[in-house]
Structures are given as structure tokens and as C-alpha cells.
Amino acid sequence: MKLSKNKILISVLFSLAFSFYCFADSTYVVKKGETLYSISKKYQLTVAELRAANNLSENDVLKEGAKLKIPSADIRNAAALSTSIDPNPQSVQNNSTVYYTIVAGDTLYRISKNYGINLAELLALNDLDNNSKIHPGQKIKVPGNAKKVDTPSSTNTKTVVTQPTNGQKADNSVLWPLKSPYVKNITGKVGGVQLTGIANEPVKCVREGTVMYTGVYRGFGEVIFVQSKTGLIYSYSGLKSVSAKKGDYVTCGTELGKVGKEGETTIKFMVFQNGKPIDAARAPRG
């Protein structure tokens, strides 16, 4: 019996170690035939995040044996990097900036982590996008009040949802992705709301725009990002199934997918501007 228990314990510990390896910042050695897309699927990240973390452009080709930085998941960065509109430096609220000189081995992702700022904010300050490459000796702006910090090997981006479980019944004057859902706020870094509906209920678009990303995102299940004409990213996550695809132009009321991930009847709804969450209830509709 003791031997059996020990085997179970070892199995659990191995599983936890494997999960930590897969879902923390790490280095990955590219295998023959692999692409950024296939690796992004393996680690449940976006291709844009891998590019930004490794200072790669769309034209760069992966080679067997190359080492890739696998960043920790951050849905704010994923949303910001999925936008087709260049970040607007005027929208970043900072009183002052200072210059940082890039050294060999730096990436935009690493610099943003070292200074404890959001990657989207760093891109916006320097009028860069997710395909911009940097080089040693180049000077870029960082917020004047940002201090270089020691960053851990992984970043906890889990959200904490307020109680009670079902939240409050939705105000009918506000258009939500679900019909008459229960609504509760999400506290933590990402903001947004959790909506509770019924199993297999359609998840509908609340603001017209272009689908910029669909896929499984670490910690959020099936995710859809829809970018409005003004550059806001509307994030619908935790879906059972997705009916829209990248590149689709969807109008208000278009079905994006279904509720019901793993028997649940909830989704998370967030709206981002340059990678920063805004009030999901007050974000533009229509």
C-alpha cells in the first residue's frame, strides 16, 4: 500500500513539475519542422507574443536548434499585440520619460519586465508595433517613474473573481455578450467581468470589428479578440466552441461561439485599450 501511495505522489509531483515547466518563463529549443504557430499552440500563447519576446519579425524563419524565449502568459499583452492599429503614444498617460540604451540580448518583452511596465505601454511610448525589431545601442523611452525590478521566473496572472458565485443580475440597459446574464467583477491585473448564462447559450458580439485572434489562451480557455474601428480590443474567453475565425468582420449581434467550457456556464468579458483594461460595462457597444 505504501509503495502504491509513493507512486501516486511521485506521479503528482511530476505532473506539477511538468505544468510549471510548460507555463512559466522558459527557453525552448526549436525542433525540425516547427514554426512559431505550432510552438504558440503548444504553450497556449499568441504568435505575436513569441515574436515580441524574441525580437523577431514576420519575415524571420525559425531554424532547428534555435533557442526561443517562452514568455509567461499575460492576456493584456496578447490583446495589445493582436491589434492591427499602431499604438498611439498620446494615449499613454505618463508625465515624463527617460531613455534606456538597448544592449545585446535585450528584447522589448524583457525590457518591459525589467522595468515593471506593460509591454503595450512600452510599444506605445516608442511608436512601435509587434513586428518592430530593436538593436544594441538603440535608445528607447521608458516611463520616468519606472524603476528597474528583479523579476521572478514566472508571473502569476491569475484573476480573482469577487463573490457571490452568481454575481448580480445584469442591467437590461447594458448590452452584454449573453442574454440577461449574472454579472460579477473580476479583480486583479486584467479587470473585466465574469458573465453567467446557460449551457450552450450563444455568445454574441457587442461591438462590430475585426476578429484578430481565436484560440486557446493559457488560463482562459478558448478566446476571441475583436478589434473595433477605434482600436479597442473586446475579449471573449472561456468559450466551449468558437464559430468566428481570424480575419472575419463581425457586426453587433453576430454569434461568436457557445457557452459551456467543461460544463461551466460562464465566460469572461474584457475590453482593452493599448493593453490596459477599461470598464467593460461602459465600453462602447453597437
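Report follows, based on the coordinates. Bear in mind that the values here come from a model prediction, so they are computed numbers and not experimental data. (Residues numbered from 1 in each chain as written. Predicted model: local features only at pLDDT ≥ 70, side-chain atom pairs only at ≥ 80, totals over all residues. Heavy atoms only, no water.)

Judged from the 2 bridges that link them, strand S10 (residues 209-217) and strand S14 (residues 249-250) form a sheet pairing that is antiparallel. For Gly209, the partnering residue across the bridge sits in S14 and is Val250. Bridge analysis of S10 against strand S11 (residues 221-227) gives 7 bridges, and the strand direction is antiparallel. Residue pairing across strands places Gly215 opposite Val223, the latter belonging to S11. (Pairing = 2+ DSSP bridges. Helix = DSSP H or I, 4+ residues; strand = E, 2+ residues; numbered from the N terminus.)

The subject of this paragraph is the pattern of salt bridges. Going through the model one piece at a time under the given rule, you end up with 5 salt bridges. Here Asp60 makes a salt bridge to Lys133, at a shortest N to O gap of 3.4 Å. A residue pair is termed long-range when its members are at least 10 positions apart, and Asp60 in the loop between helix H3 (47-54) and strand S2 (67-70) and Lys133 in the loop between helix H6 (119-125) and strand S4 (139-143) qualify at 73 residues. The class of Lys133 is partly exposed, set by a relative accessible area of 43%. Here Lys245 and Asp248 are joined by a salt bridge, their closest N and O atoms 3.5 Å apart. (Salt bridge = Lys/Arg side-chain N within 4 Å of Asp/Glu carboxyl O. Buried < 20%, exposed > 50% of the residue type's maximum accessible area, 1.4 Å probe, protein only.)

In this section: the sheet that holds strand S13 (residues 241-242). Spatial strand order, S9-S15-S13: 3 strands in an open sheet with antiparallel pairing. Unpaired on one side and paired on the other, strand S9 (202-204) and S13 mark the two borders of the sheet. Where S9 meets strand S15 (residues 255-258), 3 bridges bridge the pair, whose relative direction is antiparallel. Across the sheet, residue Lys204 finds its bridge partner in S15, namely Glu255.

The next point concerns the packing of helix H2 (residues 36-43) against H3. Following both chains from N to C, one finds H2 and H3 inclined at 105°, their axes separated by 9 Å at the closest point. Judged by the angle between their axes, H2 and H3 are roughly perpendicular. Facing H2, whose interface residues are Leu36, Tyr37, Ile39 and Ser40, H3 presents Val47, Leu50 and Arg51. Residues that form the contact of H2 with H3 fall into these classes: 5 nonpolar, 1 polar and 1 charged. (Axes fitted to C-alpha atoms, helices over the stretch in contact; angles between N-to-C directions. Parallel < 35°, antiparallel > 145°, perpendicular 65-115°, else oblique. Contact = heavy atoms within 4.5 Å. Nonpolar A, V, L, I, M, F, W, Y, C, P; charged D, E, K, R; others polar.)

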